[in-house]
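Topology and contacts: notes
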Amino acid sequence: MTSESVDEPTAGPIESRQRRFHPAWTVALVALIALIGAAGFRAAPGVLMVPLEEEFGWSTAELSLAVSINLLLYGLIAPFAAALMQRFGIRAVTVVALFVIGAGAALSVFVATPGQLILTWGVLIGLGTGSMALVFAATITDTWFATRRGLVSGVLTAGSATGQLIFLPVIAVAAEDIGWRGASLIIAGGALAVMPLVWIFLRNRPSDLGVARYGEAAPTVAAPPVPRGTAWGAAKLALTTLREAARTKTFWALAIGFAICGATTNGLIGTHFIPSAHDHGMATTTAAGLLAVVGIFDIVGTVFSGWLTDRVNPRILLAAYYALRGVSLLFLPSLLSAEVQPSIIVFIVIYGLDWVATVPPTIALCREVFGDKGPLVFGWVFAAHQIGAGIASVLAGVVRDHTGQYTFAWFAAAGLCAVAALVSATIRRHPAPAPAPVRE
């Protein structure tokens, strides 16, 4: 099968000569490191919820509210961040975002009330990580690459999600050895340490270095200057794009599917797997280690998904991913126990391969339908992802407080995955959008 969503230029002699040395690969590497650096605090809530509950006596629902606000802002700020990157450049927005993440993580050590936790965990970290969301990966991919887009978006997506999960055992051990405040400071240091690397090596677009995108013939004349404007202009661009995209059924199909994706990853597993495993007698560090294994297999699954997206109809990929996730969630309540059994390892492997494998085909469909506005539209689709995650995070906490377990939450998530699979499979095909004029 061949993809009907990827319209890539044919690689020519220039690509062959530049394949190993094109600066796009340096930009992609720096973007990958930045995404990993920003992922630390998004991993923290699942590990730190138990220590915070034990120290302050806050309920699961109160803690979940702070996480929910984080997840909502993480998604809602994404399309505006994409517009800001177009107006002010990728580098400036990324550096500011990393600073906000580091500041929020550092200030969290002073919290003494749920409201303060909402301000640090929810607002500051949500705004910072939202500006470093997967729309950042989509923007890097479309700005710097004319070919290998599926593969690059898969690698960057894996870096974002895997960085989040790989931090889990580090944070869990730190929380046990030096306390949750020390763990928060480690996260803050990680985000701030990436800032100089981004400022030195990340460039806004290929023309800044006098080159074309990877896989594209070199321009014969200089590109026009980078558009400039105000933050309001960027916000207006994001809102205008949403209004135009919302007129299409494909946008709503992608948004619904991605909302369910967020609910079943960040909202449920990312936030509540460790507390749920703790309810069954499993040590927090052991549960965190299992989620780290999810991160390891996520690398394989997402990169492979990117490779497949360059070759296979992305609608088929999305339907298959959601269906597999739903089946695995049906079995989770019976797999959790105090000890690590082979069956839970199988679940972890499957969920890892499927964790964010949905991102490359979703980006490809946004590009197919919306052309050059694909990254901005993906920002709004990703906002739906985080709305789903935020709602699921709160509802799962309420379910736990009222029933004493998470079983109903896992079963409900499995049913939602079936809906996402059906919606994704029925997305209609669109003719390839007319490409923007090549700068020559």
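Our subject is the structure listed above.
Predicted model only: the values in this text are computed from it and were never measured.

**Re the packing of aromatic side chains**
- Overall, the coordinates contain 13 aromatic pairs when judged by the stated rule.
- Each ring, one from Phe56 and one from Trp180, has its centre 6.3 Å from the other, and the planes form 65°; the classification is edge-to-face. Of the two residues, Phe56 sits in helix α3 (residues 40-56) while Trp180 sits in helix α10 (residues 179-201), which places them 124 residues apart along the sequence.
- Through successive ring pairs, a cluster of aromatic residues spans Trp25, Phe145 and Tyr214.
- Lying across the ring of Trp199, Arg91 places its NZ or CZ 4.3 Å from the centre.
- Against the face of Tyr351 rests Arg325, its NZ or CZ located 5.9 Å from the ring centre.

**Structural notes on the nonpolar core**
- The biggest cluster of nonpolar side chains holds 122 residues, and the ones touching the most others in it are Leu48, Ile269, Phe273 and Phe378.
- At twelve residues, the largest contribution of residues to this core is made by helix α12 (residues 249-279).
- What Leu48 contacts, discounting residues up to four positions off in sequence, is Trp121, Ile171, Ala175, Trp180, Ala183 and Ser184.
- Judged by nonpolar contacts, the second largest core, of five residues, contains Leu308, Leu317, Tyr321 and Ala357.

**As for helix α17 (residues 374-403)**
- Compared with the 44 Å implied by 1.5 Å per residue over 30 residues, the 42 Å span of α17 between its first and last C-alpha is a close match.
- Where α17 terminates, the next one or two residues include Gly404, which has phi positive at roughly 80°.

**A word on unusual backbone geometry**
- With a phi close to 60°, Arg148 is a non-glycine residue in the positive phi region.
- Within the element layout of this structure, Arg148 appears in the loop between α8 (134-144) and α9 (149-177).

**Notes on the packing of helix α2 (residues 23-38) against α8**
- Running from N to C, α2 and α8 point in directions that differ by 175°, and their axes come no closer than 10 Å. Between α2 and α8, the interaxial angle falls into the category roughly antiparallel. Between α2 and α8, the residues in contact are Pro23, Ala24, Val27, Ala31 and Leu35 and Phe136, Ala137, Ile140 and Trp144, respectively.

**Some thoughts on α8**
- Most of α8 sits out of view: ten of its eleven residues are buried.
- Listing the buried residues of α8 in full gives Leu134, Val135, Phe136, Ala137, Ala138, Thr139, Ile140, Thr141, Asp142 and Trp144.

**What about the pattern of salt bridges?**
- Per the stated rule, a full pass over the model turns up eight salt bridges.
- Between Arg181 and Glu55 there is a salt bridge, with its nearest N and O atoms 2.9 Å apart. Remark: Glu55 occurs in helix α3 and Arg181 occurs in helix α10; sequence separation between them is 126 residues.
- Residue class for Arg181 comes out partly exposed when judged on its relative accessible area of 33%.
- When the shortest N-O distance is used, the salt bridge between Arg367 and Asp142 registers 3.4 Å. Taken as a pair, Arg367 in helix α16 (residues 359-370) and Asp142 in helix α8 lie far apart in primary sequence, 225 residues in all. In terms of burial, Arg367 and Asp142 fall into one category: buried.

**Things to note about a negative patch on the surface**
- A surface patch of like charges, here negative, comprises Glu53, Glu54, Glu62 and Asp401.
- Inspection of the secondary structure puts Asp401 in helix α17.

How each quantity is defined
Residues numbered from 1 in each chain as written. Predicted model: local features only at pLDDT ≥ 70, side-chain atom pairs only at ≥ 80, totals over all residues. Heavy atoms only, no water. Phe/Tyr/Trp six-rings, centres within 6.5 Å; stacked < 30°, edge-to-face > 60°. Helix = DSSP H or I, 4+ residues; strand = E, 2+ residues; numbered from the N terminus. Lys NZ or Arg CZ within 6 Å of the ring centre and 35° of its normal. Core = buried A, V, L, I, M, F, W, Y, C linked by side-chain atoms within 4.5 Å. Buried < 20%, exposed > 50% of the residue type's maximum accessible area, 1.4 Å probe, protein only. Contact = heavy atoms within 4.5 Å. Expected span 1.5 Å × (residues − 1). Axes fitted to C-alpha atoms, helices over the stretch in contact; angles between N-to-C directions. Parallel < 35°, antiparallel > 145°, perpendicular 65-115°, else oblique. Salt bridge = Lys/Arg side-chain N within 4 Å of Asp/Glu carboxyl O. Patch = residues over 30% accessible without salt bridge, like charges linked within 9 Å, V, L, I, M, F, W, Y side chains within 5 Å. Areas by Shrake-Rupley, 256 points an atom, 1.4 Å probe, with all protein chains shown as cover. Lys, Arg positive; Asp, Glu negative; His and termini not counted. Charge placed at Lys NZ, Arg CZ, Asp CG, Glu CD.

Any link to function would need more than the numbers given here.
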